[in-house]
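Residues per chain, in single letters:
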Amino acid sequence: MKELLKNWTLPVAMLTGTLLYLLFAFTPALSGAAEVMEPFFDTILPWFMFLILLVTFCKVDYHKLRPVGWHLWVGLFQVLFIAIVVVLILGFGMKGERLILAEAMLCCIIGPGAAAAPVVTVKLGGNLESMTTYTFISNFITATLVPVVFPLIDTDIHMSFLSSFLLILYKVCLILVLPMLLAYIVKHRMHRLHSWIIGIKDLSYYLWAISLAIVTGTTVRNIVNAETSVAFLLLIALLGLVLCVIQFAVGRYIGHFFNAVVNAGQALGQKNTTFAIWISYMYLNPLSSVGPGCYILWQNIVNSVELWQHRKSEEAAKEIKSNVRS
């Protein structure tokens, strides 16, 4: 059982979050507890993300944080995908459900790289420093493009570019910059604490699994409470799946040219969906948040498959070495 949980942490976390939400939501005796726990989970989730990044950044070699070739191409393709969706919206004059579908797609693309992407990248044998660097780059891309793009597709948005940019940049600083600064202090000034943190194997990975269970439960809640038809929700979910596969595939293709398949795939494919949900509520039709809500399920299924393949490859390599020695 321990080995099963270790190997399939992400699917178990998603299943746990789903079942717990359904249990509390549809059991009358537990409905009161559900109302109490909902704001509690909404409050602790950012702290989990903070701890995940703090632990991850404690392992970063800060001298290696620099842009590399694949950063440019992954960033360009993110901008290209955004431009395609915006052109379709404006070119066809989309309204109603068609506009909501397009907005859901846009949120799945314009969202920055996930804060937890470096965690998965390390588990897959990728480079922590280059992934961390791109996480900052992608957040800057998002902070720049959202104030430009969203007013084009929703004329009711009256926030200025500077106000929107600074608001998003403030969120980015809380999510990324603050834990990095604290991790730098811990690594270079608090050596005993740093040794203890990095000495706990896969700590950031399991913290992320807990946060994934919370996010999955919240996603299921949003889907269940969405005021639209099941068919429309399924269509949004299907589009999210298609975008997820495309972005992971394009990212991995770019990575082939730079010997960075894992990093580039995670950079373009794994999104900060919590942030994407926030910007959809902030600027667009709230129903479009179902898009990034479903995307988080798809991207973690992809991550689970990648981790399974990586684990199988490592086991095969060990078996080959064992046979050679014998």
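Remember, it's a predicted structure, so these values are computed and weren't measured experimentally.

A.B. asks: Tell me what's going on with the overall build of the protein, and back it up with residues and numbers.
C.D. replies: Helix and strand content of the protein: 14 helices and zero strands. Counting helices and strands in the order they occur from the N terminus, the protein gives α-α-α-α-α-α-α-α-α-α-α-α-α-α. At 20 Å, the protein has a C-alpha radius of gyration in line with the 20 Å of a compact globule built from 326 residues. A principal-axis box enclosing the C-alpha atoms of the protein has dimensions of 65 × 55 × 45 Å. Among the 326 residues that make up the protein, the fraction classed as buried is 46%.

A.B. asks: Help me get a handle on the packing of helix 4 (residues 69-91) against helix 5 (residues 96-110), residues and values and all.
C.D. replies: One can describe the packing of helix 4 onto helix 5 by two numbers: an axis separation of 9 Å at closest approach and a directional angle of 170°. As the angle between them shows, helix 4 and helix 5 are arranged roughly antiparallel. On helix 5, the residues touching Q78, F81, I82, V85, V86 and I89 of helix 4 are L99, A102, L106, I109 and I110. Residue composition of the contact of helix 4 with helix 5, by class: ten nonpolar, one polar and no charged.

A.B. asks: Provide a residue-level description of the packing of helix 2 (residues 9-26) against helix 10 (residues 203-224), including the pertinent values.
C.D. replies: Packing of helix 2 against helix 10 leaves a shortest axis separation of 7 Å and a crossing angle of 40°. In this view, helix 2 runs oblique relative to helix 10, as classed from their interaxial angle. Seen from above, helix 2 lies across helix 10 with right-handed handedness. Facing helix 2, whose interface residues are T9, L10, A13, M14, G17, T18, Y21, L22 and F26, helix 10 presents Y205, Y206, W208, A209, L212, A213, T216, G217, V220, R221 and V224.

A.B. asks: Please set out the side chain of S289 residue by residue, giving values where relevant.
C.D. replies: Tracing the backbone shows S289 in the loop between helix 13 (273-283) and helix 14 (290-325). Among the residues examined, S289 registers a relative accessible area of 5% and is labelled buried. Aside from chain neighbours lying at most four places away, what touches S289 is I277, S280 and Y281.

A.B. asks: Describe the nonpolar core, with residues and values.
C.D. replies: Ranked by size, the top nonpolar core spans 78 residues in total, and within it F57, W70, V74, I82, L106 and F150 carry the most contacts. A total of ten residues in this core trace back to one element, the largest contributor, which is helix 7 (residues 128-153). Within the second largest apolar cluster, eleven residues are counted, among which are I100, L101, A226 and I236.

A.B. asks: Please give an account of the pattern of salt bridges that cites residues and values.
C.D. replies: Pairs can form between side chains of opposite charge whenever their charged atoms are close. Counting across every chain of the model gives two salt bridges. A salt bridge links D202 to K123; the nearest nitrogen and oxygen atoms lie 3.3 Å apart. Taken together, the positions of D202 in the loop between helix 9 (191-199) and helix 10 and K123 in helix 6 (residues 117-123) put the pair 79 residues apart, joining distant regions of the chain. K123 gets classed as partly exposed once you look at its relative accessible area, which sits at 27%. Note that R252 and E306 form a salt bridge whose closest N and O atoms lie 3.2 Å from each other. Of this pair, R252 sits in helix 11 (residues 230-256) while E306 sits in helix 14, and the two are 54 residues apart along the sequence.

About the cut-offs
Each chain carries its own residue numbering, running from 1 in the direction its sequence is written. The predicted origin of the model limits local features to residues at a pLDDT of at least 70 and limits the giving and counting of side-chain atom pairs to 80 or more, whereas totals for whole chains, interfaces and linings rest on all residues. The side-chain values count all of the structure's non-hydrogen atoms but skip hydrogen atoms and water molecules. Secondary structure elements are defined from DSSP: runs of H or I of at least 4 residues count as helices, runs of E of at least 2 residues count as strands, and each element is numbered from the N terminus. In this setup the radius of gyration rests on C-alpha atoms only. A globule is expected at 2.2 Å times the number of residues raised to 0.38. Only protein chains enter the calculation, and the probe is 1.4 Å; a residue is then buried if its accessible area is under 20% of its type maximum, exposed if over 50%, and partly exposed in between. Note on definitions: angles span 0 to 180 degrees between N-to-C directions of axes, and those axes are lines fitted to C-alpha atoms, for helices only across the stretch in contact. These descriptions rest on fixed angle ranges, namely under 35 degrees for roughly parallel, over 145 for roughly antiparallel, 65 to 115 for roughly perpendicular, and the rest for oblique. Contact between two residues is taken to exist if any of their heavy atoms lie within 4.5 Å; hydrogens are not considered. Gly is placed with the polar residues, together with every amino acid not listed as nonpolar (Ala, Val, Leu, Ile, Met, Phe, Trp, Tyr, Cys and Pro) or charged (Asp, Glu, Lys and Arg). Crossing chirality is assigned from the near helix's rotation relative to the far helix, an anticlockwise turn below a right angle marking it left-handed and a clockwise turn marking it right-handed. In plain words, nonpolar cores are sets of buried Ala, Val, Leu, Ile, Met, Phe, Trp, Tyr and Cys residues tied together by side-chain atoms within 4.5 Å. Criterion for a salt bridge: a side-chain nitrogen of Lys or Arg within 4 Å of a carboxyl oxygen of Asp or Glu.

Any functional reading would require information that these geometric values do not contain.
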